[in-house]
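Residues per chain are reported as follows:
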Amino acid sequence: MSERRRTPRPTKRHPWRRPADATPRPAPGPPRGEPPAAAGDGAPAEVDERSVVDAAVYRDGRRVGTPGSLAATYRRLREETGAMAWIGLYRPSEAELLSLAEEFDLHKLAIEDAMEAHQRPKLERYGETLFVVLRAARYLDAPEEVDFGELHVFVGPDFVITVRHGAAPDLSAVRARMESTPELLALGPEAVLYAILDAAVDGYAPVVAGVQNDIDEIETEVFRGDPEVSRRIYELSREMVEFQRATRPLVGMLHGLMAGFDKYGTDEELRRYLRDVADHVTHTSERVDGFRSALTDILAVNATLVTQQQNAEMRALAEAGFEQNEEVKKISAWAAILFAPTLVGTIYGMNFTHMPELHWVLGYPFAILLMAVVCVSLYLIFKRRDWL
């Protein structure tokens, strides 16, 4: 099998593009951990490639081959002069990543990052290869929540490898778009990187719209007094923290790419595209910052309203208790007033033989007068103390 030859590009130098006089890439050996190929076979050992979504070879912006395996992609890329391979993977196995690392000379630290998700968005350069980590997002209408995915991109002199750890972004749409514009795809791996960045950033727009609608609904629920709104504010705030972690580093990443335009001779058309993506990222990042601030304010307002409601309830309970106490005092006062004649009548109603008052001529008027004096006196006392 003949070695791949590269067409010199004296007028253009890219951070991931190998110089024209570089030593051609040797044919790969068997992936690490796999048995060597049989003598005379000439093909590397096969690995489980169920995670390969699409693998294609392009030349001059047009697809010239769709190999059925990674090994076939390697062979076809070496056979085509001035070609580029675009390999899309979804949660690949370790054996697949090690096979790619051996073929394309990928750095072991980048491979370790690609094996495990939950990486922060970043852009790093390892020799001629750029390693980009993106956090894509999509808005789920039914549960009204934001779902985050992770995408790792390796960009080299003649290859682009994408490793997805989530449903977003839809790279099949990115590939279809690039294949429909061969003049853009002909600009090489950096054009594919632009398209991927653009797709990830464009995917933020529906998320921003969905979150804005959620915040509007939350504001209505807050002033309506919905008891579940605090939980919804908290959950959306956590999603905005995650969203902020996805968008904020992209601003620095894209400005870093733009800073190298002159140094690496980036195509003028791509410069305009990347500036547009950077503007969108900046706008999205500012919107997300605004959402976090708005949610913080809404949470504070909700806490104030809840406190006011609790104070109103406590005031109502206190007023009810006060009114109840007033009623109890009235009842107690009248009970005391009525107890006085009852006491006098009970004493003189006893059937003792020796009770001098029973034989008095004025005994009855005296008893009535005594009852009246005691009742009036108690009434005046309770009235002066506002019990009646």
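Residues numbered from 1 in each chain as written. Predicted model: local features only at pLDDT ≥ 70, side-chain atom pairs only at ≥ 80, totals over all residues. Heavy atoms only, no water.

The chain is annotated in an unreviewed UniProt entry as Magnesium transporter from Streptomyces iranensis. Under Catalytic activity (unreviewed entry), UniProt gives the following word-for-word description of the chain: "Mg(2+)(in) = Mg(2+)(out)". Its UniProt record gives the chain the following Sequence similarities (unreviewed entry) comment, quoted word for word: "Belongs to the CorA metal ion transporter (MIT) (TC 1.A.35) family." (UniProt positions renumbered as here; feature names shortened; annotations may be inferred.)

*Asks:* Quick one: what's the story with the pairing of strand E4 (residues 122–126), residue by residue and with numbers?
*Replies:* In this sheet, strand E5 (residues 129–140) lies alongside E4 in antiparallel orientation, the contact comprising 5 bridges. When the bridges of E5 are listed, Tyr126 appears paired with Thr129. Here E4 hands over to E5 after 2 residues, with Gly127 in that stretch at a positive phi of 65 degrees. (Pairing = 2+ DSSP bridges. Helix = DSSP H or I, 4+ residues; strand = E, 2+ residues; numbered from the N terminus.)

*Asks:* Explain helix H7 (residues 204–224) residue by residue, including any values.
*Replies:* Between its terminal C-alpha atoms H7 stretches 30 Å, which fits the 30 Å expected from 21 residues at 1.5 Å a residue. If you check which residues of H7 are buried, you get Tyr204, Val207, Val208, Gly210, Val211, Asp214, Ile215, Ile218, Glu221 and Val222. Looking straight down H7, one finds its buried side chains confined to an arc of 160 degrees; they lie on one side. What points out from H7, more than 90 degrees from its buried face, is the exposed set Phe223 and Arg224. Just beyond H7, the residue with positive phi is Gly225, at close to 85 degrees. (Expected span 1.5 Å × (residues − 1). Buried < 20%, exposed > 50% of the residue type's maximum accessible area, 1.4 Å probe, protein only. Arc of directions from axis to C-beta.)

*Asks:* How would you explain the packing of aromatic side chains if you had to name every residue and give the values?
*Replies:* Summed over all chains, the structure comprises 8 aromatic pairs. With 6.2 Å between their ring centres and 45 degrees between their planes, Tyr58 and Trp86 make a pair best called tilted. Placement of Tyr58 in strand E1 (residues 52–59) and of Trp86 in strand E3 (residues 84–90) is noted, with a sequence separation of 28 residues between them. Ring centres of Phe131 and Phe154 lie 4.8 Å apart, and the angle between their planes is 35 degrees; this geometry places the pair in the tilted category. In this pair, Phe131 is assigned in strand E5 and Phe154 in strand E6 (residues 145–155), connecting sequence segments 23 residues apart. Like Phe131, the residue Phe154 is buried in the burial classification. Among the aromatic residues, those joined into a ring-pair cluster are Tyr74, Phe104 and Phe159. The side chain of Arg175 reaches across the aromatic face of Trp86, ending 4.3 Å from its centre. (Phe/Tyr/Trp six-rings, centres within 6.5 Å; stacked < 30°, edge-to-face > 60°. Lys NZ or Arg CZ within 6 Å of the ring centre and 35° of its normal.)

*Asks:* Residue-level account of helix H2 (residues 94–104), with values.
*Replies:* Along H2, 8 of the 11 residues are buried, which leaves the element largely enclosed by surrounding structure. For H2, the complete set of buried residues consists of Glu96, Leu97, Leu98, Ser99, Leu100, Ala101, Glu103 and Phe104. Residues of H2 that are buried in the fold lie against E1, helix H1 (70–79), E3, helix H3 (108–115) and strand E7 (159–164). (Contact = heavy atoms within 4.5 Å.)

*Asks:* Could you give an account of the pairing of E7, naming the residues involved and the relevant values?
*Replies:* When you tally the buried positions in E7, you get 6 out of 6 residues, the bulk of the element. Taking every second residue as pointing to the same face, both faces of E7 are buried, with Phe159, Ile161 and Val163 on one and Val160, Thr162 and Arg164 on the other. Sheet analysis places E3 next to E7, joined by 6 bridges and oriented parallel. From the neighbouring strand, Leu89 faces E7, where its bridge partner is Val163. Sheet topology places E6 next to E7; 5 bridges connect them, and they run antiparallel. Its bridge partner lying in E7, Phe154 is registered against Ile161. Taking the residues that link successive antiparallel strands as the turn, the E6-E7 hairpin has 3 residues.

*Asks:* Just give me the short version of the nonpolar core, but keep the residues and values in it.
*Replies:* In this structure, Leu134, Ile196, Leu197 and Phe243 are the most contacted members of the largest nonpolar core, which totals 57 residues. The greatest single-element share of this core, amounting to 11 residues, is contributed by helix H8 (residues 229–259). Non-local contacts of Ile196, meaning those with residues more than four positions away in its chain, are made with Leu134, Leu151, Val153, Val160, Thr162, Leu171 and Val174. (Core = buried A, V, L, I, M, F, W, Y, C linked by side-chain atoms within 4.5 Å.)

*Asks:* An account of the environment of Pro189 is needed here, citing residue identities and associated values.
*Replies:* Within the fold, Pro189 resides in helix H6 (residues 189–202). When the C-alpha atoms of Pro189 and Asp158 are compared, they prove to be 6.6 Å apart, with 31 residues separating the residues in sequence.

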